[in-house]
Amino acid sequence: MSVTSLAEKWVDEAAALTRPSEVVWCDGSEAEYDGLVETMLRDGTLLTLNPRTYPGCYLHRSHPQDVARTEQLTFICSRERGDAGPTNNWMAPAEAKTKAGALFRSGMRGRTMWAIPYLMGPAGSPMSRVGLMVTDSAYVVASMHIMTRVGPAAIRQMRGDDDFVAGLHSLGDLSPDRRLILHFPEEKLIWSVGSGYGGNALLGKKCHALRIASAQALREGWLAEHMLIIGVEDPEGRVTYLAAAMPSASGKTNLAMVVSRLPGWRAWTLGDDIAWMHVDSTGQLRAINPERGFFGVAPNTSPKTNPNGTAMVRSNTIFTNVALTPAGEPWWEGLTPEAPAGVVDWQGRPWRPGDGPAAHPNSRFTVLCQQCPSIAPNWEDPQGVPISGIIFGSRRSNVIPLVFEGFDWTHGVFLGSAMSTETTAAITGKVGVVRRDPMAMIPFCGYNMADYFAHWLATGRRLAAPPRIFRVNWFRRDADGRFLWPGYGENMRVLKWMVERIRGTARTEETPIGWVPAPGALDTDGLDLPPERLREALRCDAAEWLQALGDLGEFYDQFGARLPAPIAEKLAEARRHFGG
Ligand code: GTP
Ligand code: SPV
Ligand code: MN
């Protein structure tokens, strides 16, 4: 394995700054993974789970103050503040490097620094991209092994000496007071210090594949999105590919692996978190999954809600911040109706029902995609899959109907840009607060969001037949706080309606917000759902909608003249419809 002189030089500079006791280049081999695990078992970073029932599985407990992405400590460090835009934290590049430089300086003394060349995307795909990160965390290295393609596959894919995104990562002292997650889109550079968890630390994921990649995608004419990719197979065996954006902890992994009870209908998983999409030479939108594994939410994953997800984590999985049973098995809320006796919580403390959650609400599993029973046979196709429909989904207890469809690409982009959602445990801060989250990208767009809307509109103009755009909300509740729609496996019924829309056979009703399934058009065969509950789930309330459009106008206002005119026009049109 040989890397370019620029890559070597960058790693040397990182070592000169952080002063590790040794530098180890990773090759991505199984032996390397096993060695990392052995080291972590010795120093307590990992605990072995029951080798009979969970072979090859380990538990990691992160620092109690380092359990989710920290958006307030995440910055886009473009030269111009306006290029980060009003929805991103911004810091001038020089100031960012001075601040973080002080935290990195000699910070790896006595530690090993691993240099990890990694590939995002299938080997040999023109859509794939190379990264090179250094880290002083063995847990991060092992996680990168699962989440990306580490080693020769990455180096082979480099198209030039400087064809890589560089990522400098150090655990620092894990204190949020000395934590910074910095992105320099103009330099293809990431600096992350002070966290060892998830998207803060596995730099291939949100930092590279979304924040840096979205900025590259703007320049190069493609899309880097917070989306799952799924193939929906009908009873005749035809597969329709859909991509769905949903905010963090709002249903991507579950939908990506959905198991349907509709005879003859099944879903194939291609990705559960990130999609890179480009327009091919025929004007068709195509998507690849840049990742190689799943870093999925554990709570509520059960044989009932997500049978594929439950099956795939029975071997070769790293669990982080879940509870532990006396049998040495992982446990989390929702896995079984009752907690087994004698559970210790995610911090290793004895736990009894009533103590609060035993597993951290943002506890997760890390596992290879190939372990998922529903993984699509073509999930690593270098050409990607053709996308016929795009779904924007969010978590809203009220206002937003179960499903409707935009009138056309521009209207669909407007619907995506108008998304709002209730916050979840995937980010530190309050849970359940409604915030704007256009296209589920508010934490991940590496540049000005107004330019991002414009880029979506421009992409539509390059498409021969733009995919249909749908809006969904599995999370609407009734007056008693119960979900109106059963969700999970039953979401396949909504996917079926979408596939029929794409084919031109599904019946709809035109409403001011878009096309809604006509009465009876949504397949409810065998579903125990009173018709009035379905009507309530699909209902659009004019007064609520008018209020929401007012709030949306305030959100758009911060972009000033940079907001694309077609988006402002769609808002004005919608307001007129509701008499606003
Ligand atoms: P990230 O990995 O953070 O990007 O999350 P995600 O979008 O992949 O979310 P995931 O599928 O892991 O779901 C998050 C939470 O929402 C879990 O607790 C799920 O059980 C719950 N959830 C997912 N789908 C549904 C659904 O259809 N209905 C309801 N009520 N809950 C759901
Ligand atoms: C998310 O928060 O959207 C995740 C988890 O997928 S993390 O990788 O930590 O960002
Ligand atoms: Mn995510």
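See the structure above.
Reference entry: report on the structure contained in this document.

As a further point, take the packing of helix α2 (residues 30-43) against helix α5 (residues 138-147). A pair of packed helices is captured by two measures, namely the crossing angle of their axes and the spacing between those axes. At their nearest, the axes of α2 and α5 sit 10 Å apart, and the two run at 145° to each other. Note that α2 runs across α5; the crossing there is left-handed. Between α2 and α5, the residues in contact are E32, Y33, L36 and M40 and A138, Y139, V141, A142, H145 and I146, respectively. The residue inventory of the contact of α2 with α5, partitioned by class, reads eight nonpolar, one polar and one charged.

Attention now moves to the coordination of the manganese ion (ligand 3). Only K206 (NZ), H226 (NE2) and D273 (OD) from the protein coordinate the manganese ion (ligand 3), and they sit 2.2 to 2.3 Å from it. Angles of 74 to 173° at the metal separate the six donor atoms of the manganese ion (ligand 3), which places the site in the octahedral class. In primary-sequence terms, the residues that donate to the manganese ion (ligand 3) follow K-x19-H-x46-D. Of this pair, H226 sits in the loop between β11 (223-225) and β12 (227-233) while D273 sits in the loop between β14 (266-271) and β15 (275-279), and the two are 47 residues apart along the sequence. By relative accessible area, D273 is classed as buried at 8%.

As a further point, take the site of ligand 1. Lining the immediate environment of ligand 1, one finds 22 residues, of which A249, K252, T253, R364 and Y488 sit closest. In this structure, an oxygen atom belonging to ligand 1 sits 2.7 Å away from a main-chain N or O atom of A249. Here an oxygen atom of ligand 1 and a side-chain polar atom of N300 are 3.4 Å apart. The fraction of the free accessible surface of ligand 1 (660 Å²) that becomes covered by protein chains is 94%.

This part takes up the sheet that holds strand β16 (residues 285-288). On the basis of which strands lie adjacent, the open sheet formed by four strands has the order β11-β15-β16-β22 and antiparallel pairing. At either end of the open sheet lies a strand with only one pairing partner, and these are β11 and β22 (385-386). Here four bridges tie β15 to β16, and the two strands are oriented antiparallel to one another. The residue bridging V279 from the neighbouring strand is L285, located in β16. The strands touched by helix α8 (residues 204-220) are β11 and β15; relative to β11, the strand with the most contacts, the crossing angle is about 160°. Here helix α12 (residues 449-461) sits on the sheet and contacts β11 and β15; the angle it forms with β11, its principal contact strand, is near 120°.

Cut-offs and rules
- Residues numbered from 1 in each chain as written.
- Chains lettered and ligands numbered in written order.
- Predicted model: local features only at pLDDT ≥ 70, side-chain atom pairs only at ≥ 80, totals over all residues.
- Heavy atoms only, no water.
- Axes fitted to C-alpha atoms, helices over the stretch in contact; angles between N-to-C directions.
- Helix = DSSP H or I, 4+ residues; strand = E, 2+ residues; numbered from the N terminus.
- Left-handed = near helix turned anticlockwise from the far one by under 90°.
- Contact = heavy atoms within 4.5 Å.
- Nonpolar A, V, L, I, M, F, W, Y, C, P; charged D, E, K, R; others polar.
- Donors = N, O, S within 2.8 Å, 3.2 Å for Na, K, Ca; no water.
- Tetrahedral: all angles 85-135°; square planar, octahedral: opposite > 155°, others 65-115°.
- Buried < 20%, exposed > 50% of the residue type's maximum accessible area, 1.4 Å probe, protein only.
- Near = heavy atom within 4 Å.
- Polar contact = N/O pair within 3.5 Å; in protein donor to acceptor, adjacent residues only side chain to side chain.
- Areas by Shrake-Rupley, 256 points an atom, 1.4 Å probe, with all protein chains shown as cover.
- Pairing = 2+ DSSP bridges.

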